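Per-entry structural report
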4 protein chains.
Amino acid sequence: MLRDLAELKGILPPIPTPFNERDEFARDRLRDNLRAWNRCALTGYVVLGSNGEGVLLSPRERLDVLRAAREDIPADRWMIAGTGCPSTRETIELTRDAVKIGADVALVLPPSYYRGRMTREALVRHYASVADTAGIPILIYNMPACTGMDLDAETIVALAVHPSVIGIKDSGGDVAKLGAVRAALGPGFRVFAGSAGFLLPALAVGAVGGILALANIAPAECLAIHEAFVSSRVDAAWEIQLRMIPINAAVTSRWGVAGLKAAMDLLGRYGGPVRGPLVALTQREIEELKAMLVRAGLPQEDERGARS
Amino acid sequence: MLRDLAELKGILPPIPTPFNERDEFARDRLRDNLRAWNRCALTGYVVLGSNGEGVLLSPRERLDVLRAAREDIPADRWMIAGTGCPSTRETIELTRDAVKIGADVALVLPPSYYRGRMTREALVRHYASVADTAGIPILIYNMPACTGMDLDAETIVALAVHPSVIGIKDSGGDVAKLGAVRAALGPGFRVFAGSAGFLLPALAVGAVGGILALANIAPAECLAIHEAFVSSRVDAAWEIQLRMIPINAAVTSRWGVAGLKAAMDLLGRYGGPVRGPLVALTQREIEELKAMLVRAGLPQEDERGARS
Amino acid sequence: MLRDLAELKGILPPIPTPFNERDEFARDRLRDNLRAWNRCALTGYVVLGSNGEGVLLSPRERLDVLRAAREDIPADRWMIAGTGCPSTRETIELTRDAVKIGADVALVLPPSYYRGRMTREALVRHYASVADTAGIPILIYNMPACTGMDLDAETIVALAVHPSVIGIKDSGGDVAKLGAVRAALGPGFRVFAGSAGFLLPALAVGAVGGILALANIAPAECLAIHEAFVSSRVDAAWEIQLRMIPINAAVTSRWGVAGLKAAMDLLGRYGGPVRGPLVALTQREIEELKAMLVRAGLPQEDERGARS
Amino acid sequence: MLRDLAELKGILPPIPTPFNERDEFARDRLRDNLRAWNRCALTGYVVLGSNGEGVLLSPRERLDVLRAAREDIPADRWMIAGTGCPSTRETIELTRDAVKIGADVALVLPPSYYRGRMTREALVRHYASVADTAGIPILIYNMPACTGMDLDAETIVALAVHPSVIGIKDSGGDVAKLGAVRAALGPGFRVFAGSAGFLLPALAVGAVGGILALANIAPAECLAIHEAFVSSRVDAAWEIQLRMIPINAAVTSRWGVAGLKAAMDLLGRYGGPVRGPLVALTQREIEELKAMLVRAGLPQEDERGARS
């Protein structure tokens, strides 16, 4: 059953995939993490995004993670599955599997290996092939830091011609472009900020929410920025946004997934090891991160109480 | 006499330098344009910025334009002079000349020809040398589309250590970075959006205004966005911002100075020819621009009345 | 049994993976193609490289293609298997499988999805993990057009510290860098030009051969360039190189794998369809390609005889 | 009187502009340097190139340097003047002045400030305007590290339609592109390698020589590479090329003009200070440079003898 897309807004964390010390998917750890997150007013979760190390999982692991997540994501919360693969056919297949497992939306990264040949036409064809067979809405995933391709406004508008392509998660941060996309496509096209670093400015140009690594470790703060904005308290939103900037950079551009997992460990969630070729933080970097968490008002002790 | 920097906010157009058909500075046309702009509540003007074709002028022409502008910019409006040159010594010299002529602030582009050697240290040294001798406040000018160098947050913070470096005009549009800069330097550091495409989002992360090509042809709309934002009417601001997006792109990223001058001609101001290597719009592009002006609610006829 | 690395030189085509009209691996077509290529003095073949659409194949298909190729590659020719995957563990696994199947060398693309975190240390660790368990020599695969990461000379030198990392296929074309690498690592480090566009200049700075898309359709010409160079007839080499430049661009930077497959079809080999998201050439592009083949002295008719 | 362009080949250093300690052009030092260089079989000199800090000089200084150079460059050696300025009109003017002073060829950098608008058409128009009025041959100067614009093969071919545009100095190092340009334009179009790092490979694809920073400090070695190549001793050429790679990197990509001037000082020539925003080498960097000179076989003592 398709959900009402007007409800697709607010804050969703792109959750990390927990591994145990043998580098296997740690199913119980995911449950623990989701139980803690479920206590917050998060709209839902992105599973197998960049923070989920989706590209580092085997095809079977991907299905295991999606199934486990769906079990522990309440029915009234959105589950968005990252299903973009290098080939069109593998993307179609994984999207179909995700639908069977119960994903509400598919988040589809543009295929980027042959980027020199990824003309607008090739991308339109790829997204249309996936959308035609998906049976659930498709969210474009613009992630230039990982794909080396920054979808321009015209391309996004061209992809959105397909009725199932209903929005975008943009991690590029060019909010002027997001504004142009929103201007061209109207409020029905759901724009999500892909990083807390530009959540407030993106909301100011018509974004409906954020899919934010930071929401894994500071869900209350991310929700508060969004709530303050929608209730026209921009100053209050800005104050929290300002406080989150350094810690957000630490778990995104600076240290990425390894930073995010280390922060989760420090805050009493389960982060655990990253999978190679990613490299864990050094002890010194962990100390620096710890100090940043404190400065951001995200102390380990407070969270520990909420853990059990 | 130094002005109160707390007043440096709001909207300032970076004005084009008018040339006559013999490719000479058209002094009278500048007067006409300034008289029309002076009827609006613009904070002041940037002279010899990128839109002023400053880099295409001879040293003598630069002084001519600055002098002419100062004569026609009322004493209570800010005159910001673009004084960045390839060498430190030429930048110092032009800045001093601008001070003598009556500039209130110098807008200093980072020298970019030897960009491979423009380390943070080299840039700090350059800006400090200029700021030490300027006698007026310095605004950093981050303009990656022209310099091929995008100043990062750390560099901006390092440049701002000098007490005379009081703010930045950023045309790069990475508002997450602007937020980080504002977070690091506090409200005393004046951040200006460098393009109307991200004026509203920049205001949302603490910018105090915009230095906007669009303000040359749509000053009322730019002022209205700013006013709506500061009076907490974000929706009203967004509505105007949304309407301005296509025409702003036309006079910035798409057609640049040639587009801006053509738009001014269409709106009853004096745009006139661009100087080579810039190329004028084709007749077909002018027709397209005309239609965009109408769609943006900037019709030629209305403005014509305000011209004489 | 390990081969004598001193013999790893000369020309090797990175062969395309043939698909039938149902988008399945066309095993017989690969046999036909290899039989034709085996008549030339090619040193060996790269299987599952970028031209092999390796990233678009499922894990099982990759093994099928490697097995089929090994059956039809004579024992005295090198089989180099592309085994680079996004994760270290998958790369290790595929490399081991390739060894079992009989690959002589593994060509390992650097993992690029999390490129912001792919520090020199992370890459050294990744390559060392793969090389430690491979049991066959490793060739680095620098392919900035596909990975968005251009390995610099220092990184290449750092990777080569591992005794099993014995060379590089470079498709970036910065021959000054290749010279620097060769200068630092000596003649034991095997440098291969990754495109015929710079085969001759790469040989001039110490490369031992080329792994060239062009060698799929013009093996005789590629071999002739190499032979002329090693026998000090640079002018003769340059004359052929010059004639190959346009057609080489057509099957690499301009049209990529789709261009290569179309050229094979035109020349009486089996190219067949590309897999999505790649897009086939239009009829008009095919006509243009046909004319380029003729101009390059690679006419369809001559080749047809050699086909059966 | 126009020289025979067939003679425009071989090695030319782009000479640095010497400044005294008061940051003024040190006319006598230039004479000393030229006298030393004139003892070598250099084809001529580039004055006011990137290594000449041309963009950091005032209009008057540029003429002073050109005049001084012409006095001390023997009539039988080529003087190539760097005359590219941001505006077409200033470029025309400086080119004319250079002609009057006796320049044989003008080296024209593409104007890059408004690079977003520097379409092929705009560049063709710019170069044609300059070439139409120059009266001397024009050499295109492709210098992506400084302009942020890398002229592609099609653009170079389009510029070469003008009969006065007779060649290119390419500092980008994409020798596949140089080969393509040479293939399209024939041997009449003079291609010069813009850095010693790819001199030999460029010669292998049809370049006629090099305009090389390294030729300021190692003219004999640069000449020897060229001579070995033209007499078909590629191995001998490669041996010298190999030895020059680290020191060439030091005076180009790594430390630029400051490195070059420091090396000249160490070798008994006059380097002297760089002009801001360029920054001199630290003492530690000078020590490192010294060691590199020795390793390259360019010891200070030997040269000192040749100085007086």
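Our structure is the block above this text.
Residues numbered from 1 in each chain as written. Chains lettered and ligands numbered in written order. Predicted model: local features only at pLDDT ≥ 70, side-chain atom pairs only at ≥ 80, totals over all residues. Heavy atoms only, no water.

Below, the discussion takes up the arrangement of the chains. For chain B and chain C, which are not in contact, the least C-alpha distance works out to 16 Å. A gap remains between chain A and chain D, with no contact made and the closest C-alpha atoms lying 16 Å from each other. (Contact = heavy atoms within 4.5 Å.)

This next bit is on the pairing of strand 5 (residues 138–142) of chain B. All names here are of chain B. With five of five residues buried, strand 5 lies mostly within the body of the structure. Side-chain alternation along strand 5 places I138, I140 and N142 on one buried face and L139 and Y141 on a second face that is also buried. Handedness of the strand 4 (residues 105–108)-helix 4 (residues 120–134)-strand 5 crossover: right-handed. Here strand 5 runs beside strand 6 (residues 165–170); their pairing, made up of five bridges, is parallel. From the neighbouring strand, Y141 faces strand 6, where its bridge partner is K169. (Buried < 20%, exposed > 50% of the residue type's maximum accessible area, 1.4 Å probe, protein only. Helix = DSSP H or I, 4+ residues; strand = E, 2+ residues; numbered from the N terminus. Right-handed = clockwise from strand over helix to strand, strands pointing away. Pairing = 2+ DSSP bridges.)

Here the focus is the relation of the copies chain D and chain B. Between chain D and chain B, which share one sequence, the superposing operator has a rotation angle of 180° and an axial displacement of 0.0 Å; the RMSD is 0.0 Å. On the angle and the small slide along the axis, the relation comes out as a two-fold axis. No C-alpha of chain D lies nearer the rotation axis than that of G148(D), which sits 2.9 Å from it. Both copies contact each other with a shared surface, as 100% of the interface residues of chain D are interface residues in chain B too. (Least-squares fit on C-alpha atoms with pLDDT ≥ 70 in both.)

Another aspect to go through is the environment of L260(A). All names here are of chain A. Here L260 is to be found in helix 11 (residues 256–266). Between the C-alpha atom of L260 and that of N51, which follows or precedes it by 209 residues, the distance is 8.2 Å. Non-local contacts of L260, meaning those with residues more than four positions away in its chain, are made with P16, N51, A213, N216, I217 and V251.

Attention now goes to the interface of chain D and chain B. Listed by partner, the interface residues are 42 residues for chain D and 42 residues for chain B. When the area that chain D buries against chain B is broken down by residue, the three leading residues are Y113(D), Y114(D) and R117(D), summing to 25%. Taken together, chain D and chain B are joined by four salt bridges. Here E61(D) ties to R89(B) by a salt bridge, and the two come within 3.9 Å at their closest N and O atoms. For the pair chain D and chain B, the interface holds 14 residue pairs in polar contact (both at pLDDT 80 or more). Sorting the residues of the side of chain D that touches chain B by element identifies helix 2 (59–72), helix 3 (88–101), helix 4 (120–134), helix 5 (144–147) and helix 11 (256–266) of chain D as the ones contributing at least two each. The biggest single contributor to the side of chain D that touches chain B is helix 4 of chain D, with four residues. Counted by class, the side of chain D that touches chain B contains 21 nonpolar, 10 polar and 11 charged residues. (Buried area = accessible area lost by both parts, 1.4 Å probe. Salt bridge = Lys/Arg side-chain N within 4 Å of Asp/Glu carboxyl O. Polar contact = N/O pair within 3.5 Å; in protein donor to acceptor, adjacent residues only side chain to side chain. Nonpolar A, V, L, I, M, F, W, Y, C, P; charged D, E, K, R; others polar.)

Turning our attention to helix 10 (residues 234–254) of chain A. Residue and element names in this part refer to chain A. Taken as a whole, helix 10 carries its principal kink of about 45° at I245; the proline P246 stands between one and four residues after it. For helix 10, every residue scored as buried is listed here: V234, A237, W238, I240, Q241, M244, I245, I247, N248, A250 and V251. Following helix 10 by one or two positions, G256 has its phi on the positive side, about 55°. (Bend = angle between axes of the 7 residues up to and from the residue.)

In contact at an axis separation of 9 Å, helix 7 (residues 175–185) of chain C and helix 10 (residues 234–254) of chain D are set at 90° when each is read in the N-to-C sense. Looking at the two axes, helix 7 of chain C sits roughly perpendicular to helix 10 of chain D. Of the residues in helix 10 of chain D, those touching helix 7 of chain C at G179(C), A180(C), R182(C) and A183(C) are W238(D), L242(D) and I245(D). Looking at the contact of helix 7 of chain C with helix 10 of chain D residue by residue, the class counts come to five nonpolar, one polar and one charged. (Axes fitted to C-alpha atoms, helices over the stretch in contact; angles between N-to-C directions. Parallel < 35°, antiparallel > 145°, perpendicular 65-115°, else oblique.)

What follows deals with the sheet that holds strand 4 (residues 105–108) of chain C. Residue and element names in this part refer to chain C. In spatial order, the strands read 1-8-7-6-5-4-3-2; together these eight strands make up an open sheet with parallel pairing. In this open sheet, the two edge strands, each paired with only one partner strand, are strand 1 (10–12) and strand 2 (44–47). Ignoring strand direction, the axes of neighbouring strands in this sheet form an average angle of 25°. For strand 1 and strand 8 (residues 209–211), the ladder comprises three bridges, and the chain directions are parallel. When the sheet's bridge partners are listed, G10 is paired in strand 8 with G209.

All names here are of chain C. Because side chains alternate across strand 4, one face comprises the buried residues V105 and L107, and the other comprises A106 and V108, equally buried. Of the pairings in the sheet, the one linking strand 3 (residues 78–82) to strand 4 comprises three bridges and is parallel in character. Residue pairing for strand 4: A81 is matched across the bridge by A106. Read from strand 3 through helix 3 (residues 88–101) to strand 4, the crossover connection turns out right-handed. Where strand 4 meets strand 5 (residues 138–142), three bridges bridge the pair, whose relative direction is parallel. Counterpart to V108 in the pairing with strand 5 is I140.

Ranked by size, the top nonpolar core spans 477 residues in total, and within it I247(A), I247(B), I247(C) and I247(D) carry the most contacts. Dropping the residues within four chain positions of it, I247(D) is found in contact with L214(D), I217(D), L289(D), M292(D), L293(D), A296(D) and L298(D). (Core = buried A, V, L, I, M, F, W, Y, C linked by side-chain atoms within 4.5 Å.)

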